Amino acid sequence: MNSEMVKIVIKAPNQMTDDQIIDCQRLWSVSELKEHLFKEYPTHPKPESQKLIYSGKLLSDNMILRDVLKTFGGHEYNTIHLVCSLRESYRARAQVPAPPLVKPVRTTPEPSFISNSPTNNFGIYYIFCLFIYLVIIFTLPA
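Residues numbered from 1 in each chain as written. Predicted model: local features only at pLDDT ≥ 70, side-chain atom pairs only at ≥ 80, totals over all residues. Heavy atoms only, no water.

- Going by what an unreviewed UniProt entry lists, the chain is known as Ubiquitin-like domain-containing protein and is assigned to Rhynocoris fuscipes.

What about the sheet that holds strand 7 (residues 79–84)?
Part 1: Strands sit in the order 2-1-7-3-4 across an open sheet of five strands; the sheet is mixed. Lying at the two open borders of the sheet, with one neighbouring strand each, are strand 2 (20–25) and strand 4 (57–58).
Part 2: Two elements, strand 3 (residues 50–54) and strand 7, share five bridges in a ladder whose sense is antiparallel. Considered in strand 7, the bridge of Gln-50 is made with Cys-84.
Part 3: Together, strand 1 (5–11), strand 2, strand 3 and strand 7 form the strand contacts of helix 1 (residues 30–40), whose direction differs from that of strand 3 by roughly 120 degrees. (Pairing = 2+ DSSP bridges. Helix = DSSP H or I, 4+ residues; strand = E, 2+ residues; numbered from the N terminus. Contact = heavy atoms within 4.5 Å. Axes fitted to C-alpha atoms, helices over the stretch in contact; angles between N-to-C directions.)

Examining the nonpolar core
A general tendency of soluble globular proteins is for nonpolar side chains to be buried together.
Part 1: Ranked by internal contacts, the top residues of the largest apolar core, which has 19 residues, are Ile-8, Ile-10, Leu-33, Leu-52, Leu-65 and Ile-80.
Part 2: For this core, the secondary-structure elements that each account for two or more residues are strand 1, strand 2, helix 1, strand 3, helix 2 (65–68) and strand 7.
Part 3: Residue contacts for Leu-52: discarding those within four places in its chain leaves Val-30, Leu-33, Lys-34, Leu-37, Lys-57, Leu-58, Leu-59, Ile-80, His-81 and Leu-82. (Core = buried A, V, L, I, M, F, W, Y, C linked by side-chain atoms within 4.5 Å. Buried < 20%, exposed > 50% of the residue type's maximum accessible area, 1.4 Å probe, protein only.)

Topic: unusual backbone geometry
Part 1: Positive phi, close to 50 degrees, is recorded for His-44, a residue that is not glycine.
Part 2: Counting through the fold element by element, His-44 comes out in the loop between helix 1 and strand 3.
Part 3: Judged by relative accessible area, which is 39%, His-44 ranks as partly exposed.

So, helix 1
Part 1: Listed as buried for helix 1 are Val-30, Leu-33, Lys-34, His-36 and Leu-37. Across the axial projection of helix 1, the buried residues extend over an arc of 160 degrees, all falling on one side.
Part 2: Where the residues of helix 1 are buried, they touch strand 1, strand 2, strand 3, helix 2 and strand 7. (Arc of directions from axis to C-beta.)

Looking at the pattern of salt bridges
Part 1: Applying the stated rule across the entire model yields five salt bridges.
Part 2: Linking Lys-34 and Asp-61 is a salt bridge whose minimum nitrogen-to-oxygen distance equals 2.7 Å. Separated by 27 residues along the polypeptide, Lys-34 in helix 1 and Asp-61 in the loop between strand 4 and helix 2 bring together distant segments of the chain.
Part 3: Taking relative accessible area as the criterion, Asp-61 reaches 40% and is therefore assigned partly exposed. (Salt bridge = Lys/Arg side-chain N within 4 Å of Asp/Glu carboxyl O.)

In structure tokens, the structure reads:
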């Protein structure tokens, strides 16, 4: 049995957390790695909200790390991407203040192009469609 330790770099997609190097055993299942991340990772994501991706593949909880990790040219590169559910990632942003619940009162009038009127929204939509049309026309071969 190969129960040696292995170092894995855990990357977060939002880059709000620095890459973490985690020590774990090759005999661990992905589920055990998720539990370890829950305890050791800075944001403490719950195991059920974690998705782990290695070499472009989503890892299922029952997979064993020794069967998943690969060696290239005699070197082992162990980078796993951690993706958490949206709800968990919002909780992890404790350092970012929550937006105010009450809309601040404007002391200056809103510009006429920023309006909630349906007529103005139609105008913006019309300009957007015209822009897309012109892009398509000028990028088509003659």
